[in-house]
Amino acid sequence: MSHHGTLILIMAIAVVAPLLAYGAARWAPVPLVIFEIVLGIAVGPDALGWASHSQFIDTLSNLGLSMLIFLAGYEIDFSSVRGDTLRRATWAWAVSLALGLGIAFALTGGQTGTSFVIGTALTSTALGTVLPILRDSGDLQGRFGTVMLAFGSVGEFGPIIAICLLLSGRSPGKSAVVLVVFAAITAAAIFWALRPRRPWFSRIVAGTLHSSGQFAVRFVMLLLAAMLALSNAFGLDTLLGAFAAGILTRLVLQGSVPESSAEILGKIEAMGFGFLVPIFFVVTGIDFDLSSLLEGGRSLALLPVFLLLFLLVRGAPVYALAPRDLVRRDRAALMLYGSTCLPLVVAITTIGLDEDVLKAGEAAALVGAAMVSVLVFPLLALRIRSGKGAARRAERAEGTEAW
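Residues numbered from 1 in each chain as written. Predicted model: local features only at pLDDT ≥ 70, side-chain atom pairs only at ≥ 80, totals over all residues. Heavy atoms only, no water.

A. Structural view of the overall build of the protein chain. Secondary structure assignment for the protein chain yields 19 helices and 0 strands. Since a compact globule built from 403 residues should have a radius of gyration of about 22 Å, the 21 Å found for the protein chain is in line with a globular shape. A principal-axis box enclosing the C-alpha atoms of the protein chain has dimensions of 65 × 60 × 55 Å. In the protein chain, which comprises 403 residues, the share counted as buried stands at 52%. The long-range share in the protein chain, meaning contacts at least 24 apart out of those at least 6 apart in sequence, stands at 80%. When the accessible surface of the protein chain is split by element, carbon and sulfur atoms take 66% of a total near 17,400 Å². (Helix = DSSP H or I, 4+ residues; strand = E, 2+ residues; numbered from the N terminus. Rg over C-alpha atoms; globule rule 2.2 N^0.38 Å. Buried < 20%, exposed > 50% of the residue type's maximum accessible area, 1.4 Å probe, protein only. Contact = heavy atoms within 4.5 Å. Areas by Shrake-Rupley, 256 points an atom, 1.4 Å probe, with all protein chains shown as cover.)

B. Looking closely at unusual backbone geometry. At Gln214, a residue that is not glycine, the phi angle is positive and equals roughly 45°. Not every positive phi belongs to a glycine, and Asp356 is a case in point at roughly 60°. By the element assignment, Asp356 lies in the loop between helix H17 (343–354) and helix H18 (360–386).

C. Spotlight on the packing of helix H5 (residues 84–108) against helix H15 (residues 297–320). Where H5 meets H15, the closest approach of the two axes is 7 Å, and the angle between their N-to-C directions is 150°. Considering the angle they form, H5 stands roughly antiparallel to H15. When you trace H5 past H15, the crossing you get is right-handed. On H15, the residues touching Ala92, Trp93, Val95, Ser96, Leu99, Gly100, Ile103 and Leu107 of H5 are Phe306, Leu309, Leu312, Val313, Arg314, Pro317 and Val318. Per-class residue counts for the contact of H5 with H15 are 12 nonpolar, 2 polar and 1 charged. (Axes fitted to C-alpha atoms, helices over the stretch in contact; angles between N-to-C directions. Parallel < 35°, antiparallel > 145°, perpendicular 65-115°, else oblique. Left-handed = near helix turned anticlockwise from the far one by under 90°. Nonpolar A, V, L, I, M, F, W, Y, C, P; charged D, E, K, R; others polar.)

D. Broad picture of the side chain of Arg88. Of note, Arg88 is situated in helix H5. On the accessibility criterion, Arg88 (10% relative accessible area) is buried. At a separation of 3.3 Å, a polar atom in the side chain of Arg88 contacts the main-chain carbonyl oxygen of Ala322. (Polar contact = N/O pair within 3.5 Å; in protein donor to acceptor, adjacent residues only side chain to side chain.)

E. Geometry of the side chain of Ser61. Structurally, the position occupied by Ser61 is in helix H3 (residues 55–74). Overall, the relative accessible area of 7% leaves Ser61 in the buried class. Ser61 has contacts with Ile279, Phe280 and Val283, leaving out every residue within four places of it along the chain.

F. Local environment of the packing of aromatic side chains. Evaluated as defined, the whole model comprises 10 aromatic pairs. Measuring from centroid to centroid gives 6.0 Å for Trp200 and Phe201, while their planes differ by 65°, and the two rings are edge-to-face. Residue classification places Trp200 among the partly exposed residues on the basis of a relative accessible area of 43%. Taking the centre distance of 5.3 Å and the plane angle of 80° together, the rings of Phe201 and Phe219 count as edge-to-face. Taken together, the residues Phe201 in helix H10 (residues 199–208) and Phe219 in helix H11 (residues 215–233) connect sequence positions 18 residues apart. Residues Phe201 and Phe219 agree in their burial class; the two are buried. Taken together, the ring pairs in this structure connect Trp192, Trp200, Phe201, Phe215 and Phe219 into an aromatic cluster. A cation over a ring is seen here: Arg250 above Tyr74, with NZ or CZ 5.7 Å from the ring centre. Positioned above the aromatic ring of Phe144 is the side chain of Arg385, whose terminal nitrogen or guanidinium carbon lies 4.1 Å from the ring centre. (Phe/Tyr/Trp six-rings, centres within 6.5 Å; stacked < 30°, edge-to-face > 60°. Lys NZ or Arg CZ within 6 Å of the ring centre and 35° of its normal.)

G. Structural detail: the nonpolar core. If you look at the biggest cluster of nonpolar residues, it comprises 131 residues, and the most contacted ones within it are Phe306, Phe310, Leu334, Tyr337 and Leu342. At 12 residues, H18 tops the list of elements feeding residues into this core. Beyond its immediate stretch of four places on either side in the chain, Phe306 contacts Leu107, Ile118, Leu122, Glu362, Ala365, Leu366 and Ala369. (Core = buried A, V, L, I, M, F, W, Y, C linked by side-chain atoms within 4.5 Å.)

H. Structural detail: helix H6 (residues 112–121). Counting buried positions along H6 gives 7 out of 10 residues, so the element sits mostly inside the fold. Among all positions in H6, only Thr114, Ser115, Val117, Ile118, Gly119, Thr120 and Ala121 are buried. Residues of H6 that are buried make contact with H5, helix H8 (142–166), H15, H17 and H18.

I. Geometry of the environment of Leu209. In this fold, Leu209 is placed in the loop between H10 and H11. A residue is classified by how much of its surface remains accessible, and Leu209, at 5% relative accessible area, is buried. Spatially, the C-alpha atoms of Leu209 and Phe273 are 20 Å apart, while their sequence positions differ by 64 residues.

J. Local environment of the pattern of salt bridges. For the structure shown, the criterion picks out 4 salt bridges. The partner of Arg88 in a salt bridge is Asp84, and the shortest N-O contact between them spans 2.9 Å. Remark: Asp84 and Arg88 occur in helix H5; sequence separation between them is 4 residues, near one turn of the helix. Classification of Asp84 as partly exposed rests on a relative accessible area of 39%. A salt bridge links Asp325 to Arg143, with the nearest nitrogen and oxygen atoms 2.7 Å apart. Pair noted here: Asp325 is in the loop between H15 and helix H16 (328–339) and Arg143 is in helix H8, with a separation of 182 residues, a long-range link. When its relative accessible area of 46% is taken as the criterion, Asp325 is described as partly exposed. (Salt bridge = Lys/Arg side-chain N within 4 Å of Asp/Glu carboxyl O.)

Right, here's the structure in full:
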């Protein structure tokens, strides 16, 4: 099938997937991304074989991943996640990285490259995937949502930094220097973003918000393109640029046009979740190496092992270092949401395959476990959080826990 036909097929899946998710919601709130990936697998080369690869489709998929990470960066509210919550989230991820690398070295018999790929993948949190679930369930508001944003943000940002340090092909020292320079430029951009905008800026935003000009949307796309180009120029993963662009965009919009920022974000989300992000998830399904997973007993056996490791490596530190004011029920839900991963696992395993340090079966097992985590962990977390009356009784019974 030509790339035009494949794109039509992908967009048809993007339309069908919400219908299936809506229908399934009567029995269980299955995340939309599961239907997009599973349908992608169904039309991929290992099943029906209807979809074909092309540079055009790959470019759109990469833009979808960048948009997903951009929106995750935009969600970070530093006024809410700073302080003790942010410190706990950072320590939880650092412990996860140490655990992940240690377990990966044990599993691979000390193979450095493979261990870096597997160990880093085990530390990620799919904040961009979890956020729509939290928003739809109402859990994004309040204290729990703030804590989840903090832990999820570090779980998204930390692995991106680890990718740049461990999987860039440069020595860790050179990678660190490049990261410092990139961070300095980003800090300068943040300083610029925090400066008050001129009155003409808000006037143009308001004047073109409902016209063909769409100045604000075009300005946001310029910021995203500039940060992607900057990260690429430094030889860093473009996900770092997308994340930084999301942070910058939030600061600019809420600082200069706070009354219109929600509407502008809605337009960007429509572009992302309505077009680019579904392409990324469907192409993830098309690219999924189902034959490698099923033909070897070891690969299939690794899938539940990796799923348990997501809980152990990422979830256990999140549970242990959650803020003191969260009761046990909320910490359990936080652990499950924090262990949910997929986009970065796909990106990291792709790097491992390109660098020839990861076998196809291992990559399929990691991505397969990440897919199961997206299906299972949020559903369990939603079930835990759904008993609001029981949660309130538990809070009264537990009171303040001793740490």
